[in-house]
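Understanding the architecture of this molecule
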Amino acid sequence: RSGVPDALPDEQGRKLLPSVVHYRAGAAPVVGHAAQQALLSDTGNVISSVKRLMGRGLADAQAQGLPLRVVAAGSDAAADASAAGNDRAVAVATAAGAVSPVEVSAEILKVLRDRALATLDIDEDSLAGAVITVPAYFDDAQRQATKDAAQLAGLPVLRLINEPTAAAIAYGLDHAAEGIYAVYDLGGGTFDISILRLTQGVFEVIATGGDSALGGDDYDHALTDWMLKQTGLTLDNSEDRAQVLYAARAIKEKLTDVPSVSVKLTTSQAQAQISVQRQDFDDCTAHLTARSMAVVTRVLADASLSVQDVRSVVMVGGSTRMPQVRQAVRAFFGHEPFTQLNPDEVVALGAAVQANQLVGNHSAEG
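An account of the accompanying structure is given in this report. (Residues numbered from 1 in each chain as written. Predicted model: local features only at pLDDT ≥ 70, side-chain atom pairs only at ≥ 80, totals over all residues. Heavy atoms only, no water.)

Regarding the overall build of the chain
Basically, it comes down to this: Segments assigned H or I by DSSP are reported as helices when at least four residues long, segments assigned E as strands when at least two residues long, and all are numbered from the N terminus. In this description the radius of gyration comes from C-alpha coordinates, and the expected globular size is given by 2.2 Å times residues to the power 0.38. Type-normalised accessible area, obtained with a 1.4 Å probe on protein chains alone, sets the label of each residue: buried when under 20%, exposed when over 50%, and partly exposed for intermediate values.
Of regular secondary structure, the chain possesses 10 helices and 14 strands. In terms of overall size, the chain behaves like a compact globule, its C-alpha atoms giving a radius of gyration of 22 Å where 366 residues would be expected to give roughly 21 Å. With the C-alpha coordinates of the chain rotated into their principal frame, the extents come out at 60 × 55 × 45 Å. Split into buried and exposed, the 366 residues of the chain put 44% on the buried side.

Here's what the structure looks like:
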């Protein structure tokens, strides 16, 4: 709008859509926030992290450790498919039948397409296409599966671009000085670091690394364990843990802006009042931040680069709002990282800039 990218909200004003789909027998799938609420009550029929199944063979998909029944596509969902070959296409067994990762991804993309059509008040024929972002480590099969999902959702694909490249474009770094840039991406469940080289306005991903078991969720669990130790509370069931975990997440988010938070923790057996200082949170999660920086060190070494070679660092993912994470990145690279744009939206904003260019529009600046 007026040359400026903007994330489109849903009817409730929410710009983020959780990539979660809930399948129910005899009913249409539910996508997003409502599906997320069913994660605890109907785990086996709620599919999240489908990105980890896209374009994978059976053995790889089953090794992802997701709480889902991953079977060979076209097989009897009740049969044991674990002996099938690694190159077999996969599906997830649900109450609504077996669904492929491409079909799950398409359900998410349909909701986003419909939101765009409704918000912009246009019909499908006026939709020139979409730029879709994928992890930098996606191989050809994973990229093709993403294109297939878009086609199934009725979205013409203008281009697939790497998520770190999109984040860099959002900050206008494609117009910056040539050289090496880093994208530090800490989400809710995973961590990725990408090293980009900018040459003549084009980004090339020259190194990537990550930890698929490191994210904001792990900070929540670490804080939960610390609070239980401080208060002496015990958890007698999964509902108790979910409640304390929910409190930990809220405390973590508040500590981004204030130095301390006081809360009352409630379990089925007892209550306890606790005050959490930001320093307490930093101390009990420091090992997690250090794990991410160890990955950064390794990726730079693999690329035969030094810290001094990196011109700028872009922060992506909601978990990069944590002050200790920003401090660690600042201390490691020796300069202030880019944090001005919403870290949850920055990849989408970069995709929008790229789409705008591909359909021949010009920004307000140009």
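Back to the write-up after that little detour.
Some points on the pattern of salt bridges
Cut-off, in case you're wondering: Salt bridge criterion: a side-chain nitrogen from Lys or Arg within 4 Å of a carboxyl oxygen from Asp or Glu.
A full pass over the atoms with the stated rule returns 13 salt bridges. For Arg-1, the salt bridge goes to Asp-6, with nearest N and O atoms at 3.2 Å. Arg-1 sits in the exposed class, given a relative accessible area of 57%. Several salt bridges converge on common partners, so that one network encompasses Arg-1, Asp-6 and Lys-15.

Remarks on the pairing of strand E14 (residues 310-316)
Convention followed: The rule for pairing is simple: two strands pair if DSSP sees at least two bridges between them.
In terms of burial, E14 is largely enclosed, as six of its seven residues are buried. Where strand E9 (residues 179-186) meets E14, six bridges bridge the pair, whose relative direction is parallel. Across the sheet, residue Val-183 finds its bridge partner in E14, namely Val-314.

Things to note about the pairing of strand E12 (residues 260-266)
Here E12 shows a buried face lined by Val-261, Val-263 and Leu-265 and an unburied face lined by Ser-260, Ser-262, Lys-264 and Thr-266. Bridging between E12 and strand E13 (residues 271-277) involves seven bridges; their strand directions are antiparallel. Bridging from a neighbouring strand, Val-263 pairs with Ile-274 of E13. Taking the residues that link successive antiparallel strands as the turn, the E12-E13 hairpin has four residues.

Some details on the sheet that holds strand E6 (residues 97-99)
Cut-off, in case you're wondering: Working convention: axes come from line fits to C-alpha atoms, limited for helices to the stretch in contact. Angles between N-to-C directions cover 0 to 180 degrees. Note on contacts: a residue pair qualifies if any of its non-hydrogen atoms lie within 4.5 Å across the two residues.
Across the sheet, which stays open at both edges, the three strands sit in the order E4-E5-E6 with antiparallel pairing between neighbours. Where the open sheet ends on each side, the last strands, each with one partner, are strand E4 (69-72) and E6. Sheet twist, expressed as the mean angle between neighbouring strand axes with direction ignored, is 40 degrees. In terms of strand pairing, strand E5 (residues 90-94) meets E6 through three bridges, oriented antiparallel. Counterpart to Thr-94 in the pairing with E6 is Gly-97. With respect to the sheet, helix H3 (residues 101-120) is in contact with E5 and E6, its orientation differing from that of E6 by roughly 80 degrees.

Here's the deal with helix H5 (residues 163-170)
Spacing of three or four residues puts side chains on the same side of an α-helix, whose turn is 3.6 residues. Judged by how many residues are buried, H5 sits mostly within the fold: eight of eight residues are covered. When H5 is considered as a whole, its buried residues turn out to be Glu-163, Pro-164, Thr-165, Ala-166, Ala-167, Ala-168, Ile-169 and Ala-170. Gly-172 lies just past H5 and shows a positive phi near 75 degrees.

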